[in-house]
Structure formats: C-alpha cells, structure tokens
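Each chain, written out:
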Amino acid sequence: MKEASSVEITNAEWEIMRIVWTLGAATSKQISQVMAVKKNWKMATTKTLLGRLVTKNYLETTRQGRAFIYRPTVDEQATINQLLEADLRTICQMHTGRSLAEILRKFTFTKHDLQVMQDILQAKMADAPTKLPCDCVPAELAPELDHDEQTCCR
C-alpha cells in the first residue's frame, strides 16, 4: 500500500474510505448497504463516490463475476496523519497547541493512546520554546505587529 502524496478527499469520500479500510475489501453492494444505514444514501451516490476514489487512486477495483471488489491503495493511518498535518499547517502556529488541547478535551482516547501522547509531550518538554511567534505574516512585511505576543494573531 502506498502513501497518498497529498490528501484531496471530501467528507463523503472519507465515509467510503472508512468502510473499505475497515473491511479491507468490499463490493459496491456491501459499501452501499453500510452507507444506506449510516447516511441514508442511495446506491447511485455510493457508486459515484467509489468512481471518484478510483479515479483519485485511493481505491483499486477488480472484477469478480458481476461484482466489483474495492480495495484501498493508500494506508489509513498515513492518510489520516497527512490530512491532520496539512490542516494544522494552515493555522497560525501560535494556535496549534491550544487547538490540540481542545481536541484532547473533546474526544475520548484509550489509556494506551493517552500514555503515548503523554510520553511524546514529556520528551518534547525539554526542548519546547516558551513562546512561538506568529507565522501568519512575515515579520519583515509587518514590523508594526509584535510577532512574539498573543496580540499579534487575534
């Protein structure tokens, strides 16, 4: 399985990918049945999205009799990681920590996941800066802003 070079996938396509990643391989009928229960989608909607995912090289398809079998061509965790990293890079680095803290507050994690996160945070603590500068506008283009203060990025 390959890593996606960049993640360009809609929320609806993510729903399909989650099913295929979970099942490993699935027919359009199986996927459509799941989506009918989860989202009340029609078979045509599911088939349209499957076609898009094949075109984008997220899924591959093989024919088995009259059915098509869909399999993922990209690794699930690597694709999720790329998407989250790309999203975090679009916000000011001054807000990244607060945003991640809010995610930690809102979601449920296993004890193992929390221990892994705690270990990573502990290791990063030794080299962590006291402040991160605003990276929205280069300092040389906006010298009037205090790029090291919370007032920079409102």
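Scroll up to find the structure.
Below: a short report on this structure. Given the structure is predicted, the values throughout are model-derived calculations rather than measurements.

## Concerning the overall build of the protein chain
At step 1: Per the secondary structure count, the protein chain includes six helices and three strands.
At step 2: Each helix and strand of the protein chain, placed in order from N terminus to C terminus, yields the pattern α-β-α-α-β-β-α-α-α.
At step 3: For the protein chain, the C-alpha radius of gyration of 21 Å lies well beyond 15 Å, the compact-globule estimate for 154 residues.
At step 4: Its C-alpha atoms put the protein chain at 65 × 40 × 30 Å along the principal axes.
At step 5: Burial status across the protein chain gives 25% buried among its 154 residues.
At step 6: Taking as baseline every contact in the protein chain between residues at least 6 positions apart, the subset at least 24 positions apart corresponds to 56%.
At step 7: One finds the centroid of the 20 positive side-chain charges in the protein chain at a distance of 15 Å from the centroid of its 19 negative side-chain charges.

## A short note on the sheet that holds strand β2 (residues 59-64)
Pairing between the strands of a sheet is mediated by backbone hydrogen bonds and can be parallel or antiparallel.
At step 1: With respect to topology, three strands assemble into an open sheet ordered β1-β3-β2, the strand pairing being antiparallel. The open sheet has two edge strands, β1 (26-27) and β2, and neither has a second partner.
At step 2: Relative to strand β3 (residues 67-72), β1 is paired through two bridges, and the arrangement is antiparallel. Pairing of A26 across the sheet is with Y70, part of β3.
At step 3: Seen against the sheet, helix α1 (residues 11-23) touches β1, β2 and β3 and runs at an angle of roughly 90 degrees to β3.

## Points about the pairing of β2
Consecutive side chains along a regular strand alternate between the two faces of the sheet.
At step 1: The pairing of β2 with β3 spans six bridges and is antiparallel. Residue pairing for β3: T62 is matched across the bridge by I69.
At step 2: Counted along the chain from β2 to the antiparallel partner β3, the turn is two residues long, and its residue G65 has a positive phi close to 65 degrees.

## Topic: the packing of α1 against helix α2 (residues 28-39)
At step 1: The contact between α1 and α2 brings their axes to 10 Å, and the two run at 125 degrees. Here α1 is positioned oblique relative to α2, judged by the angle of their axes. By crossing handedness, the relation of α1 to α2 is classed as right-handed. The residues of α2 that touch α1, namely those facing E15, I16, R18, I19 and V20, are I31, V34, M35, K38 and K39.
At step 2: Looking at the contact of α1 with α2 residue by residue, the classes come out as six nonpolar, no polar and four charged.

## Points about the side chain of E13
At step 1: Tracing the chain through its elements places E13 in helix α1.
At step 2: With residues near it in sequence (within four places) discarded, E13 still touches E8, L49, R52, L53 and K56.

## Comments concerning the environment of Q30
At step 1: Note on placement: Q30 falls in helix α2.
At step 2: On the basis of relative accessibility, which here comes to 36%, the residue Q30 falls in the partly exposed class.
At step 3: Along the chain, Q30 and K47 lie 17 residues apart, while their C-alpha atoms are 11 Å from each other.

## Some remarks on the pattern of salt bridges
At step 1: For the structure on display, the rule yields six salt bridges.
At step 2: The partner of R89 in a salt bridge is E85, with the nearest N and O atoms 3.4 Å apart. Of the two residues, R89 and E85 are both situated in helix α4 (residues 76-89); the distance of four residues between them amounts to about one turn of the helix.
At step 3: Residue R89 is classed as exposed on the basis of its relative accessible area, which comes to 67%.
At step 4: Overall, the relative accessible area of 45% leaves E85 in the partly exposed class.
At step 5: R105 is the salt-bridge partner of E102, the closest N and O atoms lying 3.2 Å from each other. Taken together, the residues E102 and R105, both in helix α5 (residues 93-106) and three residues apart, mark about one turn of the helix.
At step 6: When its relative accessible area of 31% is taken as the criterion, E102 is described as partly exposed.

Basis of the calculations
- Residues numbered from 1 in each chain as written.
- Predicted model: local features only at pLDDT ≥ 70, side-chain atom pairs only at ≥ 80, totals over all residues.
- Heavy atoms only, no water.
- Helix = DSSP H or I, 4+ residues; strand = E, 2+ residues; numbered from the N terminus.
- Rg over C-alpha atoms; globule rule 2.2 N^0.38 Å.
- Buried < 20%, exposed > 50% of the residue type's maximum accessible area, 1.4 Å probe, protein only.
- Contact = heavy atoms within 4.5 Å.
- Lys, Arg positive; Asp, Glu negative; His and termini not counted.
- Charge placed at Lys NZ, Arg CZ, Asp CG, Glu CD.
- Pairing = 2+ DSSP bridges.
- Axes fitted to C-alpha atoms, helices over the stretch in contact; angles between N-to-C directions.
- Parallel < 35°, antiparallel > 145°, perpendicular 65-115°, else oblique.
- Left-handed = near helix turned anticlockwise from the far one by under 90°.
- Nonpolar A, V, L, I, M, F, W, Y, C, P; charged D, E, K, R; others polar.
- Salt bridge = Lys/Arg side-chain N within 4 Å of Asp/Glu carboxyl O.

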